[in-house]
Amino acid sequence: MNDHQWLADRFEENRRHLRGVAYRMLGSVSEADDAVQEAWLRLSRQDAERVDGIDNLTAWLTTVVARVSLTMLKTRGREESLDAVHVPEPIISPEDGLDPEHEALLADSVGLALLVVLETLQPAERLAFVLHDMFAVPFEEIAAIVDKTPAAARQLASRARRRVQGAEAVPDPDLNRQREVVRAFSAASRGGDFAGLVAVLDPDVVLRADYGNLPAGLKLVRGAEAVAKQALMFSRFAMDSYPALVNGAPGRVTIVDGKPMSVMGFTVVDGRIKEINILADPERLAEVDLTLFEG
């Protein structure tokens, strides 16, 4: 076996882990794959003897992916407008269950609701929270990545943790019950049933719609009646929507004339819909794997 193949094999042993780190950092499968590819390029530039001298290759690669992801987050923050609604790139699976690749990415219940909260964190806070709370990376190692002391890195993770715990909507544990609620929402939407929609929505429900640069309706809607009205505005598309799992929770994918129009992720809490997150940006939808619905 030559040195290049040896490096490639060592890297492949860590790919799933690295994709998981990058997806939690970036909220995008495509960007996560870019970060992982950059980690491979950096590893491949090392000679075999130097790599063999790395005590913990997984930790080394995790640090590289974290640094690359941090840079990408900072760049994204400069490019996005302050009033933009950004819905993370969802992971779509068949309604009846996740495939093994998606299970690896979504381990530890990385639902869309959690990713939405992570989007509100500063890049360094997100890095500290993801690495420490999700992957048990010591603060000493995190400190070196964010160029701060271990105590400061601990504070970053603590601030992020408070934000997450205060804002994340934790879904009901019964997936079948979640499905029933989402089906009731879809049926009420198709039937133009305003009262039926309000009945399955939490009074404080939040709807986020990411249309990219398209001025297609309201982007942030709060309250059951306001969200029900918004759902009825787009009810003509309800017949073209299909059930799916969106980041492991019930969701809907809308396909019109063979083209994806939107992906809707629902968070069901105490038997009612607490959050609806919609990705309808054509450019970003093109990056989402929707082969399940082709044909």
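For clarity, every value in this text was computed on a predicted model and none was experimentally measured.

> Could you clarify how one ought to interpret the packing of aromatic side chains in this entry?
In this description, a pair of aromatic rings is defined by centroid distance and the angle of the planes. Tallied over the entire structure, the rule returns two aromatic pairs. Considering the side-chain rings of phenylalanine 11 and tryptophan 40, the 5.4 Å spacing of their centres and the 50° angle between planes classify their relative orientation as tilted. Of this pair, phenylalanine 11 sits in helix H1 (residues 3-12) while tryptophan 40 sits in helix H3 (residues 29-44), and the two are 29 residues apart along the sequence. Across this residue pair, the class does not change: phenylalanine 11 and tryptophan 40 are buried.

> So what exactly am I meant to see when it comes to the packing of helix H8 (residues 123-135) against helix H10 (residues 150-167) here?
When two helices pack together, you describe them by how their axes are tilted relative to each other and by the distance separating the axes. One way to put it is that H8 packs onto H10 with a least axis distance of 8 Å and a crossing angle of 90°. The orientation of H8 relative to H10 falls into the category roughly perpendicular. Counting all contacts with H8, which are made through Ala124, Glu125, Ala128, Phe129, His132 and Asp133, the residues of H10 involved are Ala153, Leu156, Ala157, Arg159, Ala160, Arg161, Arg163 and Val164.

> I keep staring at the pairing of strand S5 (residues 249-256) and nothing clicks. Help me out?
Two faces belong to every sheet, and in a regular strand the side chains alternate between them. The element S5 is largely enclosed, with a buried count of eight among its eight residues. Where strand S4 (residues 241-246) meets S5, six bridges bridge the pair, whose relative direction is antiparallel. Each residue of the ladder has a partner; that of proline 243, found in S5, is arginine 252. Where S4 folds back on S5, the antiparallel hairpin that results is connected by two residues, among which asparagine 247 adopts a positive phi of roughly 50°.

> Whenever I open this one, the sheet that holds S4 confuses me. Can you help?
Strand pairing in a sheet relies on backbone hydrogen bonds, with the paired strands running either antiparallel or parallel. Taken in spatial order, the seven strands make up an open sheet running S1-S4-S5-S6-S7-S2-S3, and their pairing is mixed. At either margin of the open sheet sits one strand with a lone partner, and together these are strand S1 (92-93) and strand S3 (220-222). Along the sheet, helix H13 (residues 224-233) contacts strand S2 (201-210), S3 and strand S7 (272-279); its crossing angle with S2, the most-contacted strand, is approximately 45°.

> How do you make sense of the pairing of S7 when you look at a structure like this?
Of all eight residues in S7, six are buried; the element is thus mostly enclosed. As paired elements, S2 and S7 share six bridges and run parallel to each other. Bridging from a neighbouring strand, leucine 201 pairs with isoleucine 273 of S7. Note that strand S6 (residues 259-269) and S7 share seven bridges and pair antiparallel. What sits directly across from valine 263, in S7, is leucine 279. From the end of S6 to the start of S7, which pair antiparallel, there are two residues, and aspartate 270 there has a positive phi angle of about 55°.

> Can you help me understand the environment of alanine 169 in this one?
With respect to the secondary-structure elements, alanine 169 resides in the loop between H10 and helix H11 (175-190). Given the relative accessible area of 9%, alanine 169 is considered buried. Sequence separation between alanine 169 and valine 117 is 52 residues, and the spatial gap between their C-alpha atoms is 9.3 Å. Setting aside residues up to four positions removed in sequence, alanine 169 forms contacts with Ala113, Thr267, Val269, Lys274 and Glu275.

> Hey, could you run me through H10 in this one?
An α-helical turn contains 3.6 residues, so a residue and the one three or four places further along point in the same direction. Taking 1.5 Å as the rise per residue, H10 with 18 residues should run 26 Å; its terminal C-alpha atoms sit 26 Å apart, in good agreement. Along H10, the residues that are buried comprise Ala153, Leu156, Ala157, Ala160 and Val164. End-on, the buried residues of H10 take up no more than an arc of 90°, which puts them together on one face. Away from the buried face of H10 by more than 90 degrees, exposed residues Arg162, Gln165 and Gly166 are located. Residues of H10 that are buried in the fold lie against helix H7 (112-118), H8 and helix H9 (139-146).

So, how was this worked out
Residues numbered from 1 in each chain as written. Predicted model: local features only at pLDDT ≥ 70, side-chain atom pairs only at ≥ 80, totals over all residues. Heavy atoms only, no water. Phe/Tyr/Trp six-rings, centres within 6.5 Å; stacked < 30°, edge-to-face > 60°. Helix = DSSP H or I, 4+ residues; strand = E, 2+ residues; numbered from the N terminus. Buried < 20%, exposed > 50% of the residue type's maximum accessible area, 1.4 Å probe, protein only. Axes fitted to C-alpha atoms, helices over the stretch in contact; angles between N-to-C directions. Parallel < 35°, antiparallel > 145°, perpendicular 65-115°, else oblique. Contact = heavy atoms within 4.5 Å. Pairing = 2+ DSSP bridges. Expected span 1.5 Å × (residues − 1). Arc of directions from axis to C-beta.

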